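What the coordinates show
Now for the letters of each chain:
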Amino acid sequence: MTHGTVRIDPERCKGCQLCATACPQHLLGINRDSLNLKGFHPAQLNDPLGRCTGCALCAVICPDVAITVVRYTPSARTPVGA
Ligand code: SF4
Ligand code: SF4
């Protein structure tokens, strides 16, 4: 199974939570302890068990192109592109 992770640019994010509703693994939420320069609480990944599959549904649905996906090979965890 492919694994992945996401990087969220907090300054591009407007906290709409579309990514959170799209993630099949329920790994995304809003960081209410942080505000970006526009005054929004940005999204954050909460994946302590490494359950992100790199499916990229979150990145596709994000209207502000704030999410970058990294995928790893099943064994070596070598990045293979997004
Ligand atoms: S890449 Fe897929 S599994 Fe990973 S955070 Fe985004 S929607 Fe969830
Ligand atoms: S969909 Fe994009 S803009 Fe909306 S909360 Fe997620 S990262 Fe932020």
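Here goes a summary of the coordinates provided.

The rules behind the values
Residues numbered from 1 in each chain as written. Chains lettered and ligands numbered in written order. Predicted model: local features only at pLDDT ≥ 70, side-chain atom pairs only at ≥ 80, totals over all residues. Helix = DSSP H or I, 4+ residues; strand = E, 2+ residues; numbered from the N terminus. Rg over C-alpha atoms; globule rule 2.2 N^0.38 Å. Buried ≥ 20, exposed ≤ 12 C-beta atoms within 10 Å, placed from the backbone. Contact = placed C-beta atoms within 7 Å. Near = placed C-beta within 6 Å. Nonpolar A, V, L, I, M, F, W, Y, C, P; charged D, E, K, R; others polar.

1. Some details on the overall build of the protein
Assigned secondary structure in the protein consists of two helices and five strands. Shown N-terminal to C-terminal, the secondary structure of the protein runs as helices and strands in the order β-α-β-β-α-β-β. Whereas a compact globule of 82 residues would reach a radius of gyration of roughly 12 Å, the protein reaches 13 Å, a difference of no more than 12%. Expressed along its principal axes, the backbone C-alpha trace of the protein runs to roughly 40 × 20 × 20 Å. Taking all 82 residues of the protein together, the buried fraction comes to 20%. If you take every contact in the protein between residues at least 6 apart in sequence, the share linking residues at least 24 apart comes to 64%.

2. Some points on unusual backbone geometry
A positive phi angle is found at Q17, which is not glycine, with a value near 70°. Examined against the element boundaries, Q17 turns out to sit in the loop between β1 (3–8) and α1 (18–22). Accessibility expressed as a C-beta count within 10 Å gives 14 for Q17, which makes it partly exposed. Unlike most non-glycine residues, H26 shows phi in positive territory, near 55°. Along the polypeptide, H26 turns up in the loop between α1 and β2 (28–30).

3. Focus on the site of ligand 1
The local shell around ligand 1 holds 15 residues, among which C23, C52, C55, L57 and C58 are the closest. If you list the elements that add at least two residues to the shell around ligand 1, you get β1 and α2 (57–61). Residues that form the shell around ligand 1 fall into these classes: eleven nonpolar, four polar and no charged.

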